[in-house]
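Topology and contacts: notes
The primary structure of each chain is shown beneath.
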Amino acid sequence: MNKFIYQDHIVRKRFGQNFLNDDFVIKKIISTINPQEGQLLIEIGPGLGALTQHICKYTNKLIVIELDSNLAEKLKVNPIFGSKLSVFQKDVMKFDFKNLSFKNNQLLRIFGNLPYHISTILIFNLFKNIGLIKDMHFTLQKEVVDRMVVGPGSKIYSRLSVMTQYHCKVIPILEIYPKSFIPIPKVNSIFVRLIPYDKLPYPVIDVNLLNYITTIAFSQRRKKLKNSLSTVIPLNTLKKLSVDPELRAENITVSQYCSLANWLSKSLKQTQEQKYN
Ligand code: SAM
């Protein structure tokens, strides 16, 4: 197999390595993130430092998480970063964001041009720590951002749409074309800003139950709700909550999913109380 070498680095496709090489795009990303001294900034997948080097001009402290040991080593020894950079050579999926936030007693500002093959699962993982996050700025596959922002009634409306819109305000900032990266990817990208809500528009009692209901509904998205949710929510309850049982997962709003999750929380609590009384 042919090796692709960029800036003396052998590109590893399996790590989703497409390096940004477009000054206009880089400038736009940096100015949107607007890094400030004293903030707890964390970059996922810094790679060869296309964003890192600019962010470091605005702050004395930047934490980066890079899986590729060759790249992590290059970052560690690069004199332009000096002591500003804390490099974690780690899989971001195993990174302890909670510990980092508690140790610094600060909310996290997370950003990165994410490796596409892990981006959706990583975002779901970050939602588990959403209370620790001030904001997130990511370059993602366009198709992923399209799914994040779309409303009900669309074929691409999914669990990612519901959970993202439950937790965050989603603001797509810039479309990025394949030629802005080396090597050139096959897909378009979007740089997006995600701001966790201070006050959730549709709060739920237990977010795990919202995860649970959306998982069940969307894993059988072609079924009507009266069938896909039949084991968790009775038909009468769907009607009582103004959720048409004849509809499918893709037709239900975030607010309706939240009502279903809250009904389930209360119903489980009642069942438990009856058991112990
Ligand atoms: N930020 C650089 C840029 O924009 O040029 C590189 C972006 S590249 C799309 C993704 C980066 O994430 C690569 O450097 C890759 O090695 C790194 N990466 C891939 N999987 C990772 C993981 N599980 N944890 C941490 N970093 C990872």
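Residues numbered from 1 in each chain as written. Predicted model: local features only at pLDDT ≥ 70, side-chain atom pairs only at ≥ 80, totals over all residues. Heavy atoms only, no water.

Looking at an unreviewed UniProt entry, one finds the chain named Ribosomal RNA small subunit methyltransferase A and attributed to Candidatus Pantoea edessiphila. For the record of the chain, the UniProt heading Sequence similarities (unreviewed entry) holds the text "Belongs to the class I-like SAM-binding methyltransferase superfamily. rRNA adenine N(6)-methyltransferase family. RsmA subfamily." (UniProt positions renumbered as here; feature names shortened; annotations may be inferred.)

Looking at the UniProt feature "domain: Ribosomal RNA adenine methylase transferase N-terminal" (unreviewed entry) in the chain
Those places that UniProt annotates as "domain: Ribosomal RNA adenine methylase transferase N-terminal" (unreviewed entry) correspond, in this numbering, to residues 25-198. Helix makes up 32% of residues 25-198 and strand 27%, with an end-to-end C-alpha separation of 29 Å. (Helix = DSSP H or I, 4+ residues; strand = E, 2+ residues; numbered from the N terminus.)

Quick look at the pattern of salt bridges
Proximity of charged atoms lets side chains of opposite charge pair with each other. Inspection of the entire model under this criterion finds nine salt bridges. Linking Glu-250 and Arg-221 is a salt bridge whose minimum nitrogen-to-oxygen distance equals 3.0 Å. Residue Glu-250 is found in the loop between helix H10 (235-240) and helix H11 (254-276), and its partner Arg-221 is found in the loop between helix H8 (207-219) and helix H9 (225-228); the two are separated by 29 residues along the sequence. Taking relative accessible area as the criterion, Arg-221 reaches 23% and is therefore assigned partly exposed. One connected set of salt bridges, linked through shared partners, spans Lys-155, Arg-221 and Glu-250. (Salt bridge = Lys/Arg side-chain N within 4 Å of Asp/Glu carboxyl O. Buried < 20%, exposed > 50% of the residue type's maximum accessible area, 1.4 Å probe, protein only.)

Quick notes on the domain arrangement of the chain
You can read the domains of the chain as domain 1 (5-196) and domain 2 (207-275). Distance from the C-alpha centre of domain 1 to the C-alpha centre of domain 2: 33 Å. Contacts between domain 1 and domain 2 engage 12 residues on the former and 15 residues on the latter. On the domain 1 side of the interface with domain 2, the three residues burying the most area are Tyr-157, Arg-159 and Val-162, jointly 44% of the side's total. Remark: the boundary between domain 1 and domain 2 carries one salt bridge. Here domain 1 and domain 2 share seven residue pairs in polar contact (both at pLDDT 80 or more) between them. Classifying every residue of the side of domain 1 that touches domain 2 by side-chain character gives five nonpolar, five polar and two charged. (Domains from an automatic or database assignment. Contact = heavy atoms within 4.5 Å. Buried area = accessible area lost by both parts, 1.4 Å probe. Polar contact = N/O pair within 3.5 Å; in protein donor to acceptor, adjacent residues only side chain to side chain. Nonpolar A, V, L, I, M, F, W, Y, C, P; charged D, E, K, R; others polar.)

Describing the sheet that holds strand E9 (residues 168-176)
Where strands meet in a sheet, backbone hydrogen bonds hold them as pairs that are either parallel or antiparallel. Taken in spatial order, the seven strands of this open sheet run E6-E5-E4-E7-E8-E11-E9, and their pairing is mixed. At either end of the open sheet lies a strand with only one pairing partner, and these are strand E6 (85-88) and E9. Sheet twist, expressed as the average angle between the axes of neighbouring strands with direction ignored, equals 20°. With three bridges joining them, strand E4 (residues 40-44) and strand E5 (residues 62-65) adopt parallel strand pairing. Among the inter-strand pairings, Ile-42 is bridged to a residue of E5, identified as Ile-63. Where helix H5 (residues 119-127) meets the sheet, it contacts E4, strand E7 (108-113), strand E8 (133-141) and E9, and its direction lies at approximately 170° from that of E8. Across the face of the sheet, helix H6 (residues 142-149) comes into contact with E8, E9 and strand E11 (189-196) while running at roughly 130° to E8. (Pairing = 2+ DSSP bridges. Axes fitted to C-alpha atoms, helices over the stretch in contact; angles between N-to-C directions.)

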